[in-house]
Amino acid sequence: MEALLFLGFVAIISVEAAVGKYAGDKVLRLRPENEQHLQFIRHVSHSAEVDFWQPHSVELVTTNRSVDFRIGAGWASEVQAGLNKIGLKYDILIENVQNLMEKQFDRNKTDSTGYDYEKYHRWDEIESWIAKITIENPKLVSRFKIGHSYERRSIYLLRVGKRTGFMKPAIFLDCGIHAREWISPAFCQWFVKEAVRNYGSDPAMTTLLNKLDFLVVPVINVDGYVYSWARDRFWRKTRSRNPGSRCVGTDPNRNFDAKWCSIGASRDPCDDIYCGSHAESEKEVKAVAGFIRQYCCIKAYLTIHSYSQMCLFPYSYTYSLTPNYKELNTMASDAVKALSSLHGTQYEYGPAAIIIYPSAGGSDDWAYDLGIKYSFTFELRDTGTYGFLLPESQIRPTCEETMLAINYIATYVLNHPY
Ligand SMILES: [Zn+2]
């Protein structure tokens, strides 16, 4: 079985490599400074093959922030010439996306026995892992199916915490809302692994697991994740069909019922920030929102994305500050301090609307408005050197440092009951 899985993996990679879908594609970072620059970017987005990495749509591009986008090989030189002509400064973050994609996987790694947490895993491997870690840790881990995806894959939730016979305060942690952000599911798996490994030996983790439950969804957008392995490494959205459009998928992080589609989201199904036909139109979003609504005692909501190294909190849909802004800001500051203490990784933090851009329909705002007053979005490594193609060699340091931030927040929540 292992051998078969491995062969399947090699086949997928070699098909991509042979086709060379992204051969010659570049990732550019631009710094638009005036209206002419913005117009040029809009023009390029309509006429050339452009995939916005940061921010996630041409609609969100403004003069005060840098823009990262992937440009198709056939267009790159023409666009670069245009940029030079209008004096729009840019850096080439990635010279050849295809080459880097092949280097993302750590070929030098010797095959370890058991599940390798320092590799990216396909969905079928993660699904087997979910079953296995549950069976192996009956006193700490329970598995729930909270719904299924558009393509009818199961969406799993792992409840991680000592069984006590009564309901404990809980921390919800989800990964893989956006398909191409592979470091995110890798972190959720790392978190569960560390929890079960350290229970009983590490006093801090033991206390957390005795007194709290962690509700971990390792991959929310399973269809998109599968698609990002099989067909398009840079797929972001779900895979639901949109009647009347040739374009597939909705941005699940614009589909929550939080001032849905009022700002920083698109009504166009072809856009990467398409908000869907209505709030919770996506089965994956409905499953997660439905679970959180009916669960008794969720005290914190944490959602893991990449990339840009940020710890964000509500609101996204308005520039207004939350009533507990000071507390959230202090928590974010301290969480980021804990994170950077390990490898010196620098994070920005603050309300998402102010730190990045306003956008509605996000899961963190929705959870906050539901009454979960500790709500945070983490954007993990890096800041653009590899972007979504963060190499496997960075899984360990990224997860190790992120654990410090999550454990800090969990401890804070434990000490501040409400
Ligand atoms: Zn994301």
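That block above? That's the structure.
Okay, so let's go over this structure. (Residues numbered from 1 in each chain as written. Predicted model: local features only at pLDDT ≥ 70, side-chain atom pairs only at ≥ 80, totals over all residues. Heavy atoms only, no water.)

Focus on the overall build of the protein chain
Counting secondary structure elements, the protein chain contains 13 helices and 12 strands. Relative to its length of 418 residues, the protein chain is compact, with a C-alpha radius of gyration of 21 Å against a globular reference of 22 Å. C-alpha atoms of the protein chain, sized along the principal axes, occupy 65 × 55 × 45 Å. A burial count over the protein chain gives 60% of its 418 residues as buried. Taking all contacts inside the protein chain whose residues are at least 6 apart in sequence as the whole, residues at least 24 apart take part in 75%. In the form shown here, the protein chain has an accessible surface area of approximately 17100 Å², with 53% of it arising from carbon and sulfur atoms. Here the protein chain contributes 47 positive and 48 negative side-chain charges, whose respective centroids are spaced 4 Å apart. (Helix = DSSP H or I, 4+ residues; strand = E, 2+ residues; numbered from the N terminus. Rg over C-alpha atoms; globule rule 2.2 N^0.38 Å. Buried < 20%, exposed > 50% of the residue type's maximum accessible area, 1.4 Å probe, protein only. Contact = heavy atoms within 4.5 Å. Areas by Shrake-Rupley, 256 points an atom, 1.4 Å probe, with all protein chains shown as cover. Lys, Arg positive; Asp, Glu negative; His and termini not counted. Charge placed at Lys NZ, Arg CZ, Asp CG, Glu CD.)

Some details on the side chain of Arg29
Relative to the assigned elements, Arg29 resides in strand E1 (residues 26-30). When its relative accessible area of 16% is taken as the criterion, Arg29 is described as buried. Here Thr383 takes part through its backbone oxygen, which lies 2.6 Å from a polar atom of the side chain of Arg29. In contact with Arg29, not counting residues within four places along its chain, are Ser66, Val67, Asp68, Lys89, Tyr90, Asp91, Leu93, Thr383 and Gly384. (Polar contact = N/O pair within 3.5 Å; in protein donor to acceptor, adjacent residues only side chain to side chain.)

Description of the coordination of the zinc ion
The protein atoms that coordinate the zinc ion are His178 (ND1), Glu181 (OE), Glu181 (OE) and His305 (ND1), at distances spanning 2.1 to 2.3 Å. Between the four donor atoms coordinating the zinc ion, the angles at the centre fall across 58 to 151°, so the site counts as irregular. Here the donor residues of the zinc ion are spaced in sequence according to H-x2-E-x123-H. Within this pair, whereas His178 is found in the loop between strand E7 (170-175) and helix H6 (183-198), its partner His305 is found in strand E9 (residues 298-306), the two being separated by 127 residues in sequence. (Donors = N, O, S within 2.8 Å, 3.2 Å for Na, K, Ca; no water. Tetrahedral: all angles 85-135°; square planar, octahedral: opposite > 155°, others 65-115°.)

Quick look at the nonpolar core
With 90 residues, the main nonpolar core has Phe172, Phe214, Phe376 and Phe378 as its most contacted residues. With residues near it in sequence (within four places) discarded, Phe376 still touches Tyr301, Leu302, Thr303, Cys311, Leu312, Phe313, Leu328, Met331, Ala332 and Ile409. Among the nonpolar cores identified, the runner-up in size contains 18 residues, and Leu38, Phe40, Ala48 and Val61 belong to it. (Core = buried A, V, L, I, M, F, W, Y, C linked by side-chain atoms within 4.5 Å.)

Re the pairing of strand E5 (residues 141-148)
Within a regular strand, the side chains alternate between the two sheet faces. Pairing geometry for E5 and strand E6 (residues 154-160), over seven bridges, is antiparallel. By the bridge assignment, Val141 is partnered in E6 with Val160. The turn joining E5 and E6, which pair antiparallel and follow one another in sequence, is formed by five residues; a positive phi near 65° is taken by Arg152. (Pairing = 2+ DSSP bridges.)

Details of unusual backbone geometry
Note that the residue after Pro314, namely Tyr315, is joined by a cis bond; omega there is 5°. Its place among the elements puts Tyr315 in the loop between strand E10 (310-313) and helix H10 (325-343). Here the residue pair Arg381 and Asp382 is connected by a cis peptide bond, since its omega of 0° sits within 30 degrees of zero. One non-glycine residue, Arg152, lies in positive phi territory at about 65°. Tracing the chain through its elements places Arg152 in the loop between E5 and E6. Residue Arg152 is classed as exposed on the basis of its relative accessible area, which comes to 60%. Phi at Lys259 takes a positive value of approximately 45°, unusual for a residue other than glycine. Residue placement: Lys259 occurs in the loop between helix H8 (222-230) and helix H9 (283-294). For Lys259, a relative accessible area of 52% gives the class exposed.

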